[in-house]
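One letter stands for each residue in the lines below.
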Amino acid sequence: MTTRRGFLGLLAGAAGLGTAGFVVGGQAGNNGLLRSRRPLPEPFTVPLPIPQVKRPTRVDGGVEYYTVVQRAADVEILPGARTKIWGYDGTFPGPTFHLRQGRKAVVEVRNELDVPTSTHLHGGVTPPESDGYPTDLVKPFAAKTYTYPVSQRAATLWYHDHRMDYTAPQVWRGLAGLCLVGDAEEDALDLPRDKYDVPLLLTDRAFDEDGAFLYPASHSGMGVEKDYANGVLGDVVLVNGAPWPVLDVDATRYRLRIVNGSNARRYELALDPGGDLVQIGSDAGLLGAPQVHQSLVVAPGERFDVLVDFAAYPVGTEVAVADRLGGQVMRFKVARPGPASAPVPERLAAFDKLDTSVVTRSFDFRTTMEHHGARMWTINGQMYAPGEIIATPRLGTVERWRLTSDFHHPVHLHLAHFQVISRGGGGPLPRDAGWKDTVDIRPYETVEVLARFDGHRGRYMMHCHNLEHEDMAMMADFFVG
Ligand code: C2O
Ligand code: CU
Ligand code: CU
């Protein structure tokens, strides 16, 4: 039997598809931290960029048509340096899509990169042929039209590359952006909007001397250097593509949509000098009622929609977003008075708590050594094989999935949204609230979720959203029938 690595190596060789142009970097014994080879930028000097909003090229019969081009571009991320990125529309992050519940969106993605891509809308309830399956590749200079019915509720989604075996380096290069779904239920709440509704896409990166992104690709071009098998951590935190940025804010309430788009880094976000993070939404939409946190752990793939009231600080205060797991993220500067903060609504969205399931399934997320010494990541002892079905939930049913792990594994399901019902034998954590599509499983922990398989029949997947684990086989297909 051909091993997966051998087989894929052949495929990659045959098609001439390597991890094009990455510098191979990294030292041993670094816990996955990849150090930049140039002085780090001064924090809190670069203004926070807000990604541009994507406009449809046309609207026809209530359907919105978009075209987006994946291409390389030279951009200034570090002051005074140029970084080559791969971006949707040549930007990193890509443009933000504003979709609307009940309004279908048809998106043509044109690939002008020299590698194949597959675009996945993370959190989307998407038909299988548009879901960005890892081997549904868009070849260089080809295009694919993705159709999104957008039947789901208001939520903060994001999109990113999902190419088989190369998701981690291709997202690292910049292939990610945001997609905000709106609906009438959300409109009826008086939530901060427009410039008071700020997306924050967190990604960590490392840079070469000349400003290029550094990534520790293995010498074979397949996967990551073995010292980084736990996941690659950069030493610079980018928010919306800018290093440790600063945003001047009015002294009023803001809505911050926090998206962890990092390959492997978890953050524990807290305001310094203190302050409430009032969570109103999780991965798949608004909560039933707000939930107040002093700090929030955010794993790769997760989203937290929070309200922060900058009127709580005197004008002139600098409010840092610190990462209690190791550093800084960004700063807000309360620059001027603002409109009176609207009260936080006591009730948010209709929320049905799930309590029954038709079946229980167990999935164990664990590392393994391949016979020639490469570390791989498995689900129920299996390395990913496209098309091999691990579960067959029936459309419209709720299943209890019991997830266990040997490490930090942010487990993500395509299509199905779920509710966390237990953690380590006890109740869920406050941060597990609401409808989710990604859950942070900690080392040697058991987490149970009730997942609702709704919307479409067909082949979907679950995987670890640590992108290095994902590329190293921690994925599995399920089939909704
Ligand atoms: Cu955001 Cu299949 O991933
Ligand atoms: Cu997804
Ligand atoms: Cu993992």
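Residues numbered from 1 in each chain as written. Chains lettered and ligands numbered in written order. Predicted model: local features only at pLDDT ≥ 70, side-chain atom pairs only at ≥ 80, totals over all residues. Heavy atoms only, no water.

Outline the coordination of the copper ion (ligand 3), supporting the account with residue identities and numerical values.
With distances of 2.0 to 2.1 Å, the protein atoms coordinating the copper ion (ligand 3) are His409 (ND1), Cys464 (SG) and His469 (ND1). Between the donor residues of the copper ion (ligand 3), the gaps in sequence give the motif H-x54-C-x4-H. Taken together, the residues His409 in strand β29 (residues 409-413) and His469 in helix α4 (residues 467-471) connect sequence positions 60 residues apart. For the pair shown, His409 and His469 are each scored as buried. (Donors = N, O, S within 2.8 Å, 3.2 Å for Na, K, Ca; no water. Helix = DSSP H or I, 4+ residues; strand = E, 2+ residues; numbered from the N terminus. Buried < 20%, exposed > 50% of the residue type's maximum accessible area, 1.4 Å probe, protein only.)

I'd love a proper account of the side chain of Asp477, names of residues and values included.
Relative to the elements of secondary structure, Asp477 occurs in strand β34 (residues 475-480). An unpaired buried charge is present at Asp477: no salt bridge exists, and Arg459, the closest side chain of opposite charge, is 4.5 Å distant. One polar contact links Asp477 to Tyr133, side chain to side chain, over a distance of 2.4 Å. Excluding residues that lie within four positions of it along the chain, Asp477 makes contacts with Tyr133, Tyr384, Ala385, Pro386, Gly387, Glu388, Ile389, Ile390, Ala391, Arg459, Tyr460 and Met461. (Lys, Arg positive; Asp, Glu negative; His and termini not counted. Salt bridge = Lys/Arg side-chain N within 4 Å of Asp/Glu carboxyl O. Polar contact = N/O pair within 3.5 Å; in protein donor to acceptor, adjacent residues only side chain to side chain. Contact = heavy atoms within 4.5 Å.)

Help me get a handle on the environment of Tyr384, residues and values and all.
Tracing the backbone shows Tyr384 in the loop between β26 (375-379) and β27 (389-391). Taking relative accessible area as the criterion, Tyr384 reaches 3% and is therefore assigned buried. For the pair Tyr384 and Arg459, spaced 75 residues apart in sequence, the C-alpha to C-alpha distance is 14 Å. Side chain to side chain, Tyr384 and Asp477 meet in a polar contact 2.8 Å long.

Provide a residue-level description of the nonpolar core, including the pertinent values.
Grouped together as the largest cluster of nonpolar side chains are 96 residues, with contacts concentrated most on Leu200, Phe332, Trp401 and Leu413. A per-element tally of this core places strand β11 (residues 197-207) first, with 6 residues. Filtering out sequence-adjacent residues up to four positions away, Trp401 remains in contact with Arg361, Phe363, Ala391, Leu413, Val447, Glu448, Val449, Phe453, Met462 and Phe478. Of all hydrophobic cores here, the second largest spans 22 residues; its members include Leu113, Val115, Leu121 and Cys179. (Core = buried A, V, L, I, M, F, W, Y, C linked by side-chain atoms within 4.5 Å.)

Can you break down unusual backbone geometry residue by residue, with the values?
In this structure, Pro93 follows Phe92 across a cis peptide bond, with omega equal to -5°. When you line up the elements, Pro93 lands in the loop between β4 (83-88) and β5 (97-100). Of note, the amide linkage connecting Asp272 to Pro273 takes the cis form, showing an omega dihedral of 20°. For Pro273, the location among the structural elements is in the loop between β18 (267-272) and β19 (277-282).

Would you mind going over empty space enclosed by the protein in detail, with residue names and values included?
Applying the stated criterion to the full structure yields 6 cavities of 30 Å³ or more. Taken as a whole, the largest cavity holds about 110 Å³ of empty space. As for the largest cavity, its lining consists of Val68, Tyr88, Phe97, Leu99, Val107, Val109, Thr119, Leu121, Tyr146, Tyr148, Tyr159 and Cys179. Elements with a minimum of two residues in the lining of the largest cavity: β5, β6 (105-111), β7 (119-122) and β8 (143-148). Partitioned by chemical class, the residues of the lining of the largest cavity number 11 nonpolar, 1 polar and no charged. (1 Å grid on protein atoms, 1.4 Å probe; cavity = no way out; pocket = protein on both sides within 12 Å on 5 of 7 lines; lining within 4 Å. Points joined across faces, edges and corners; volume = space filled by probe spheres on them. Nonpolar A, V, L, I, M, F, W, Y, C, P; charged D, E, K, R; others polar.)

So what about the sheet that holds strand β23 (residues 318-323)? Which residues, and what values?
Spatial strand order, β16-β24-β23-β18-β21: 5 strands in an open sheet with mixed pairing. Edge positions in the sheet fall to β16 (246-251) and β21 (295-298), since each of these pairs with one other strand and no more. Across the sheet, the mean angle separating the axes of adjacent strands is 25° when strand polarity is ignored. Pairing between β18 and β23: 4 bridges, direction antiparallel. Across the sheet, residue Ala270 finds its bridge partner in β23, namely Ala322. (Pairing = 2+ DSSP bridges. Axes fitted to C-alpha atoms, helices over the stretch in contact; angles between N-to-C directions.)

Explain the sheet that holds β27 to me, using residue names and the numbers behind them.
What links the strands of a sheet is backbone hydrogen bonding, and the strands pair in either a parallel or an antiparallel sense. In space, the 5 strands of this open sheet follow the order β27-β34-β33-β29-β31, with mixed pairing throughout. Across the chains shown, the open sheet's two edge strands, defined by having one partner strand only, are β27 and β31 (438-441). The average undirected angle you get between the axes of adjacent strands in this sheet is 35°. Here 2 bridges tie β27 to β34, and the two strands are oriented parallel to one another. Paired with Ile389 across the two strands is Asp477, which belongs to β34.

Give me the lowdown on the coordination of the copper ion (ligand 2), citing residues and values where you can.
All of the protein donors around the copper ion (ligand 2) are His120 (NE2) and His412 (NE2); their distances to the metal are 1.8 to 1.9 Å. On the criterion of sequence distance, the pair formed by His120 in strand β7 and His412 in strand β29 is long-range, its members being 292 residues apart. Residue His120 shares its accessibility class with His412, and that shared class is buried.

Tell me about the confidence of the model for the protein chain, residues and numbers included.
Per-chain confidence: the protein chain averages 93 in pLDDT, with 94% of residues scoring 70 or above. Across the protein chain, β7 holds the top mean pLDDT of 99, while helix α1 (residues 4-15) sits lowest at 36. The low-confidence segment residues 1-29 (pLDDT under 50) makes 63 contacts with residues lying over four places distant or belonging to another chain. (pLDDT = per-residue confidence, 0-100.)

Residues and numbers for the layout of surface pockets, please.
Counted as a void, the largest pocket has a volume near 660 Å³. If you trace the largest pocket, you find 29 residues lining it, with His98, Arg193, Asp194, Asp197 and Arg257 closest to the centre. Secondary-structure elements contributing two or more residues to the lining of the largest pocket are β5, β10 (176-182), α3 (184-187), β11, β16 and β17 (253-260). For the lining of the largest pocket, the class distribution of residues is 12 nonpolar, 3 polar and 14 charged. Looking at the lining of the largest pocket, you find at least three residues from each of domain 1 (4-187) and domain 2 (194-201 + 225-337). (Domains from an automatic or database assignment.)

An account of the packing of aromatic side chains is requested, with residue identities and associated values reported.
Across all of its chains, the model carries 18 aromatic pairs by this definition. An angle of 65° between the planes, with centres 5.4 Å apart, marks the rings of Trp172 and Tyr215 as edge-to-face. Within this pair, whereas Trp172 is found in helix α2 (residues 167-172), its partner Tyr215 is found in the loop between β12 (213-214) and β13 (233-234), the two being separated by 43 residues in sequence. Each member of the pair, Trp172 as well as Tyr215, carries the same accessibility label: buried. Their ring planes at 55° and their centres at 4.6 Å tell us that Phe363 and Trp401 sit as a pair that is tilted. In this pair, Phe363 sits in strand β25 (residues 360-369) while Trp401 sits in strand β28 (residues 398-405), placing the two residues 38 residues apart along the sequence. Classification of Phe363 as buried rests on a relative accessible area of 2%. Through pairs of rings, three or more aromatic residues link up here, namely Tyr196, Tyr254, Phe310, Tyr313 and Phe332. For Arg205, the ring lying beneath its charged end belongs to Phe213, and the centroid distance is 5.9 Å. (Phe/Tyr/Trp six-rings, centres within 6.5 Å; stacked < 30°, edge-to-face > 60°. Lys NZ or Arg CZ within 6 Å of the ring centre and 35° of its normal.)

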